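# A closer look at the structure
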Amino acid sequence: MAATALPGNPDVSAFIQGINDKYLEVHRAYEDNFWATKMALSGASTSALSSTKNALDEFLSSQDRLRAVCDAEARPDLSPEQLRVLAVLRRTFATYVSEEESVATLRARLNDLEAELAGVRNRMRLGTTDPATGEFRPASSVQLRNAMRMSGEESARRAAYDALRSIGPAIAGPFAAIVRLRNELARRAGFPNYYEMKVQAAEGFTQARLFQMLDGLESATRQLATDARARLAAAKGEDSLKPWNISNALAGDIETRMDPYFPFENAVDVWARTFAALGIDYRGSTMRLDLCDRPGKYSNGFCHWPVPAYRKVDGAWVPAQTNFTSLATPGSVGSGKTALVTLLHEGGHAAHFANVDQASPLCSQERAPTSVAYAENQSMLLDSLAGDAAWLARYARDAAGQPVPWSLVREAIEAGHPYAAFSVRSMLAVPYFEKALYDLPDDQITPERILSLADEVEARVEGGPAPRPLLSVPHILSDESSAYYHGYVLAEMGVHQARAHFLKTLGRIVDEPEVGAALTRVYWQPGNSVPFLDLVERLTEAPLTADAWVKELQVPVEVKVAEEEVAYREALEAGPRIPPGSPVDLNMRILLVHGDETVADTEVEGSLPAACAKYTAWLANKGT
Ligand SMILES: [Zn+2]
């Protein structure tokens, strides 16, 4: 869309802008409180979060507003551009509007219960007790999972697992009440249960269609996963399959030896150069990054938009404002890699939403009717680069600038590829659990049943108790991220299909500006005005299936090693398109913050390298 006013009937354009202005007001109020509570900022208030959430829900679920949009759509003198925006507004409001007055009361009750549950979860004293000294060491769920992966002591891994398992019993009571209420809400809105309602709202197709796709992937990977378990037991002993041992057995010491090639303090620069070399432009956005973990901080990385990008009806561009968090513990092994992958992932979401160019912020906000799969497809495609030899040879460099050696990349492939089905099954377990949960009749939705159901699904899908206990997955708790995890699975299908398409048509992905251009043009500009499945087909010229993913999993490890060695050699020869230390222009202001503290700001420091240097100095000072 060019930088001109929205064509068509001027009264309708004014009507659209009126909705845009009001939406941004309630959206922003809620998002500011969301950030404040999740980051545990001073003055953060769960009651303000709950009241602004109610105001946002009220705005979105107004019957009158939906009717006004439908009336506008019926006018004879509209431009195609106006029709497209009005259709998004109608779909958005139709997602939230319910005929019954009592539903609003239910929603408000649910918001309160969820705020209480979030409080229970935040106040949990998670951590492990040192067996030698009896001293309790607090640790977030992310740190506990890291400990299971990295600790050489089985007793320490066991303690970390037990701590993760303790989340389930602590939340099951309040969670059961929420699940029952969610189902009641869905039934009043005319759906058999909450999962069905969420899928139809967020994806635009039914739960049956969704599970048809998931079942296909499940059956195609079942034997691969069984074989992988047998292989691991044969290689490292039966005990390696215990939930507190499996991540460690898989990680071996590769991660430790890879660690020097992912210096935490370089993560922001590496991410920025990777994206700039792909031709990604943030179009004047502002991004606030809170990278480091600390007590009380929400235990999952995320990216939200207090201001979604859009083009006003008069043609003026409104750039995005983004809040972005990760849970890095600088200094601990693996923290640099985690930070980098999170930057590629959340920064991928930000790149996507910064480039939606439609005449309403409702086209570029991340909630329904924006498809979860559509959103995650963008971020997961971009974070997948960190596993490519073509990327590693260019960007994974130690503090002295030495690239990661091929021998290490090869070992990583040999250690990871034969077990890749595990992560597929771990992803699949969440939607299978949530489906079973919301399928339960009301009288069976009890804390005890929730706990046993989680165990059953872990056994059925993952082959035994899971290293990431299902009830420790934060997504299942809050309204906005519950019954949503399947989106990651569909997105991963889309990622493999798009990667296969780019490799076939362009010959490469890393450092290829045509990749960023194609993503911007086909995937990003339309926002939620085009369904995800249609966008995948537009880009890849084929309907979405798990085929490309399954094919990738079935590649014998020797073949995979041979292919990646060629990619590694070529990439090492070529070097990164934007060398370390060169200026990078992402067309974005970046603020590096830590809770209430603004550590560095590109606008104040003058450039991204200068802001990164200030941040690095702050990290050193922080004593981690
Ligand atoms: Zn994401």
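The heading Sequence similarities (unreviewed entry) in the UniProt record of the protein holds the text "Belongs to the peptidase M3 family."

## Looking at the sheet that holds strand β8 (residues 588–594)
In spatial order, the strands read β4-β7-β3-β8-β9; together these 5 strands make up an open sheet with mixed pairing. The open sheet has two edge strands with one neighbour each: β4 (302–307) and β9 (597–601). Here the average twist between neighbouring strands, direction ignored, is 25°. In the packing of helix α14 (residues 335–354) onto the sheet, the strands contacted are β3 (285–292), β4 and β7 (321–328), and the crossing angle to β7 comes to about 165°.

## Regarding the coordination of the zinc ion
Here the zinc ion is held by His-345 (NE2), His-349 (NE2), Glu-376 (OE) and Glu-376 (OE), and the distances to it run 2.0 to 2.5 Å. Taken together, the 4 donor atoms coordinating the zinc ion span angles of 54 to 147° at the metal, a pattern that classifies the geometry as irregular. Here the donor residues for the zinc ion map to a single chain with the spacing H-x3-H-x26-E. With His-345 in helix α14 and Glu-376 in helix α15 (residues 372–383), the pair connects residues that are 31 residues apart, well separated along the chain. Overall, Glu-376 belongs to the buried group, its relative accessible area being 4%.

## Examining the side chain of Gln-82
Assignment of secondary structure puts Gln-82 in helix α4 (residues 80–96). You can call Gln-82 buried: its relative accessible area is 0%.

## So, the pattern of salt bridges
With the rule as written, the count across this model stands at 37 salt bridges. With a closest N to O distance of 2.9 Å, Asp-290 and Lys-297 form a salt bridge. On the basis of relative accessibility, which here comes to 0%, the residue Asp-290 falls in the buried class. Accessibility expressed as a relative area gives 5% for Lys-297, which makes it buried.

## Re the packing of aromatic side chains
What the rule picks out here adds up to 20 aromatic pairs. Considering the side-chain rings of Tyr-23 and Phe-59, the 5.8 Å spacing of their centres and the 40° angle between planes classify their relative orientation as tilted. Of this pair, Tyr-23 sits in helix α1 (residues 10–38) while Phe-59 sits in helix α2 (residues 46–60), placing them 36 residues apart in sequence. Relative accessible area serves as the criterion here: at 1%, Tyr-23 is assigned to the buried category. Judged by centre distance (6.1 Å) and plane angle (65°), the rings of Trp-271 and Phe-275 are edge-to-face. Of this pair, Trp-271 and Phe-275 both sit in helix α13 (residues 267–277), separated by 4 residues, roughly a single helical turn.

## Focus: the UniProt feature "domain: Peptidase M3A/M3B catalytic" (unreviewed entry) in the protein
Under the UniProt annotation, "domain: Peptidase M3A/M3B catalytic" (unreviewed entry) lies at residues 148–554. Annotated as residues 148–554, this span is 57% helix and 6% strand, and its ends, taken at the C-alpha atoms, are 28 Å apart.

## Points about unusual backbone geometry
Each neighbour pair has its own omega, and for Ala-368 with Pro-369 the value is 10°, a cis peptide bond. With respect to the helices, strands and loops of the structure, Pro-369 is situated in the loop between α14 and α15. Of note in this structure, Asp-511 is not a glycine but carries a positive phi near 60°. Counting through the fold element by element, Asp-511 comes out in the loop between α20 (486–505) and α21 (513–524). A relative accessible area of 3% places Asp-511 in the buried class.

## Observations regarding the nonpolar core
Counting 195 residues, the largest nonpolar core has Phe-93, Trp-271, Tyr-282, Trp-391 and Phe-433 as the members making the most contacts within it. The contacts of Phe-93, once residues within four sequence positions are left out, are Ile-19, Phe-59, Leu-60, Arg-65, Leu-66, Val-69 and Leu-362.

## Observations regarding the pairing of β9
Sheet analysis places β8 next to β9, joined by 4 bridges and oriented antiparallel. Following the sheet pairing, Leu-592 is matched in β9 by Ala-600. Counting the residues between successive antiparallel strands, the hairpin from β8 to β9 contains 2 residues, one of them, Gly-595, with a positive phi of roughly 60°.

## Some thoughts on the layout of surface pockets
Within this model, the second largest pocket holds a volume of roughly 870 Å³. Considering the residues around the second largest pocket, the lining is formed by 36 residues, among which Ala-118, Arg-121, Asn-122, Gly-296 and Tyr-298 are closest to the centre. Among the elements of the structure, α1, α2, α5 (102–123) and α6 (141–150) are those that each provide at least two residues to the lining of the second largest pocket. Considering every element that reaches the lining of the second largest pocket, the biggest residue donor is α5, with 9 residues. Residue classes in the lining of the second largest pocket are distributed as 14 nonpolar, 12 polar and 10 charged.

The rules behind each value
- Residues numbered from 1 in each chain as written.
- Predicted model: local features only at pLDDT ≥ 70, side-chain atom pairs only at ≥ 80, totals over all residues.
- Heavy atoms only, no water.
- UniProt positions renumbered as here; feature names shortened; annotations may be inferred.
- Pairing = 2+ DSSP bridges.
- Helix = DSSP H or I, 4+ residues; strand = E, 2+ residues; numbered from the N terminus.
- Axes fitted to C-alpha atoms, helices over the stretch in contact; angles between N-to-C directions.
- Contact = heavy atoms within 4.5 Å.
- Donors = N, O, S within 2.8 Å, 3.2 Å for Na, K, Ca; no water.
- Tetrahedral: all angles 85-135°; square planar, octahedral: opposite > 155°, others 65-115°.
- Buried < 20%, exposed > 50% of the residue type's maximum accessible area, 1.4 Å probe, protein only.
- Salt bridge = Lys/Arg side-chain N within 4 Å of Asp/Glu carboxyl O.
- Phe/Tyr/Trp six-rings, centres within 6.5 Å; stacked < 30°, edge-to-face > 60°.
- Core = buried A, V, L, I, M, F, W, Y, C linked by side-chain atoms within 4.5 Å.
- 1 Å grid on protein atoms, 1.4 Å probe; cavity = no way out; pocket = protein on both sides within 12 Å on 5 of 7 lines; lining within 4 Å.
- Points joined across faces, edges and corners; volume = space filled by probe spheres on them.
- Nonpolar A, V, L, I, M, F, W, Y, C, P; charged D, E, K, R; others polar.

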